[in-house]
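# Descriptive structure summary
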Amino acid sequence: MTKEYKRADGRKNNEIRKVKAEVGVIPNADGSAMFQTGDTIAIAAVYGPKKMHPQHSQDPEKGTLRCTYNMNSFSVSDRIKPGPSRRSTEISKIMEWALEPVLMLEGFPNNVVDVYVNIIQADAGTRCAGINAAAMALAHAGIPMRDIVSSISIGKLDKTIVVDLNKEEEDFEEGEGSTDIPISMTGSGKITHLQLDGKINVQELKQAVDAARKACKEIYEVQKKALKDFVEEK
Amino acid sequence: MDEIKTTPRPTMKRIKEYLEQGKRFDGRKLDEYRNLVIEKDVSKKAEGSVRVKLGKTEVIVGVKAGVGEPYPDSPDKGNMMVTAELLPLSSPRFELGPPKFPSIELARVVDRGIRESKVIDFEKLVIEKGEKVWTIFIDIYSINDDGNLLDAAGIGALAALRIAKLPKYDKKEEKILYGEFDKDISLAKTNPIAITIHKIGDSLIVDPSREEEDTSEARLTIGISDGIISSMQKGDSTPLEEEDIFEAIKIADNVWKGLFKKLDSFVKK
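Residues numbered from 1 in each chain as written. Chains lettered and ligands numbered in written order. Predicted model: local features only at pLDDT ≥ 70, side-chain atom pairs only at ≥ 80, totals over all residues. Heavy atoms only, no water.

## So, the nonpolar core
Rules: In these notes, a set of buried Ala, Val, Leu, Ile, Met, Phe, Trp, Tyr and Cys residues joined through side-chain atoms within 4.5 Å is what counts as a nonpolar core. For every residue, the accessible area (1.4 Å probe, protein chains only) is compared with the maximum for its type, and the residue is labelled buried under 20%, exposed over 50%, or partly exposed between those bounds. Helix numbering and strand numbering both begin at the N terminus, where a helix is a DSSP run of H or I of at least 4 residues and a strand a DSSP run of E of at least 2. Contacts are assigned to residue pairs with any non-hydrogen atoms lying within 4.5 Å of each other.
Grouped together as the largest cluster of nonpolar side chains are 64 residues, with contacts concentrated most on Ile 38, Val 50, Ile 136, Ile 138, Ile 195 and Ile 197 of chain B. Among the elements that make up this core, the one with the highest residue count is helix α3 (residues 149-163) of chain B (11 residues). When near neighbours in sequence (up to four residues on either side) are disregarded, Ile 38 of chain B contacts Val 50, Arg 51, Val 52, Ile 155, Ala 159, Leu 263 and Phe 266 of chain B. In terms of nonpolar packing, the next biggest core, distinct from the first, is built from 53 residues, Ala 122, Ala 134, Ile 148 and Ile 219 of chain A among them.

Structure below.
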């Protein structure tokens, strides 16, 4: 029998970090939001819908969602070179796939909705925080949406399933090590994004998806509240 | 919802007419800065970081320390590098892609403002002469552009440097121990702030809004500290009279006093 992993920050295994959400943080943008979980902070800005350039990228059937994920050079301990990387290019695409299913872009042929996500401080789970911020920013911009997307990273540390990994947990190396599973879901529970790095069996994965479902619900409520608060403040 | 890339001509005309009567759209005096707010510790992972707000303009600036080889022509000196990203997140005017002229110029003007004032003691950044020195990276990100990113970035760079701490360095393991701080970055008492004066018609103004910046015919950025000028750059192609330049320096010197007070109380907080 392996011993249960004990979290260094005292959280229960199914407990997300302290979250904070705010809408309307970038005045120039058509929609914007900040999402913070623990020490991970993401901001998102939406510009559009606007005419897609270059013209050959236009889709006459529906609008296009274009996401750009960017990390501040000083958001991590070892400075990263500013500008796009292979990693940021992949995450940008993942974000498009995660968010597009809830958007109703049929009404915006030949147009593009630009979503820019910037990571200010990183302590693991930046793509999830980015997706959470982006979903709020899209709603704030008034883009017609069927639902909201909420995202969480589930981890398996040795044999224990834990929710919302921080960097220290992500780097865990004992036993079977750390398996990182970022998952995004719509409010109604459809999975729009799933990645996995590590080692896991089917039963454990089922457990992880269940944990994600519960955590995403909590995040969904936080996103909804931030949007509501913004409308009421106005 | 296609965005407007530049201020419409009638608005620019109106700005000029207002300035002829000594007035600005937002009611400020010609030499009046917008409210300056500086917040610290935007990122715990940086050696020093700040958020600077000038009205609706916002930038974040972070200082990181890295270890590398010195340049062959200065084996007894550390290095500094300033970069700026004008994020498309911060304005519909900024596009993705390799750095274009505005972000390159911004970084270079901020770089010279800091470097030429000798505020950083580069000799104190040596770990092993000729072998290992600290490089101080100052990285600037625009969050919302409502004019005068240049000055906001310069203020942010100096503020972040002032509060930054050098991490410990393990010489044996050749590893930087991030999060374990050793000492401040050795800085001189000078407080160089780059202040940009814009000329519109016959008027000289400071801290332009986005619309005023679009209307500007010429600009002069003056890196100044307590009356001592250490860097200057004239921008845009309208020529300036000699009197304009000395008048601009006088304005910059005055503005510096107010900004320095705010910066100093921020650092001491």
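So that's the structure; there's more coming.
## Details of α3 of chain B
Definition in use: Take the residue count of a helix, subtract one, and multiply by 1.5 Å to get its expected span.
Along its 15 residues, α3 of chain B runs 21 Å from first to last C-alpha, staying within 8% of the 21 Å computed at 1.5 Å per residue. With respect to burial, α3 of chain B is a largely interior element, 14 of its 15 residues being buried.

## Topic: the pairing of strand β2 (residues 48-54) of chain B
Put simply, side chains in a regular strand alternate between the two faces of the sheet. All names here are of chain B. Short version of the rule: Following DSSP output, two strands are said to pair if at least two bridges run between them.
Judged by how many residues are buried, β2 sits mostly within the fold: six of seven residues are covered. Where strand β1 (residues 36-40) lies against β2, five bridges are found, and the strand directions are antiparallel. Looking at the pairing, Glu 39 lines up with Arg 51 of β2. Note that β2 and strand β3 (residues 57-68) share seven bridges and pair antiparallel. When the bridges of β3 are listed, Lys 53 appears paired with Glu 58. Taking the residues between adjacent antiparallel strands as the criterion, β2 and β3 are bridged by two residues, where Gly 55 takes a positive phi near 60 degrees.

## As for the confidence of the model for chain B
Formally: You can read pLDDT as the predictor saying how much it trusts each residue, on a scale of 0 to 100.
Looking at chain B, pLDDT values average 94 and 98% of them are 70 or higher. Two numbers describe this predicted complex: its pTM, 0.93, and its ipTM, 0.89.

## Some thoughts on the sheet that holds strand β5 (residues 111-121) of chain A
Residue and element names in this part refer to chain A. To be explicit about the condition: Note on geometry: axes are C-alpha line fits, over the in-contact stretch for helices, and angles between N-to-C directions span 0 to 180 degrees.
On the basis of which strands lie adjacent, the open sheet formed by five strands has the order β1-β2-β3-β5-β4 and mixed pairing. Bordering the open sheet on either side are β1 (19-23) and β4 (64-71), each of which pairs with just one other strand. Put simply, the sheet's adjacent strands are angled 15 degrees from each other on average, direction ignored. Note that strand β2 (residues 31-37) and strand β3 (residues 40-51) share seven bridges and pair antiparallel. In the sheet register, Gln 36 faces β3, and the bridge partner there is Ile 41. On the sheet, helix α1 (residues 86-99) packs against β4 and β5 and is oriented at approximately 140 degrees with respect to β4.

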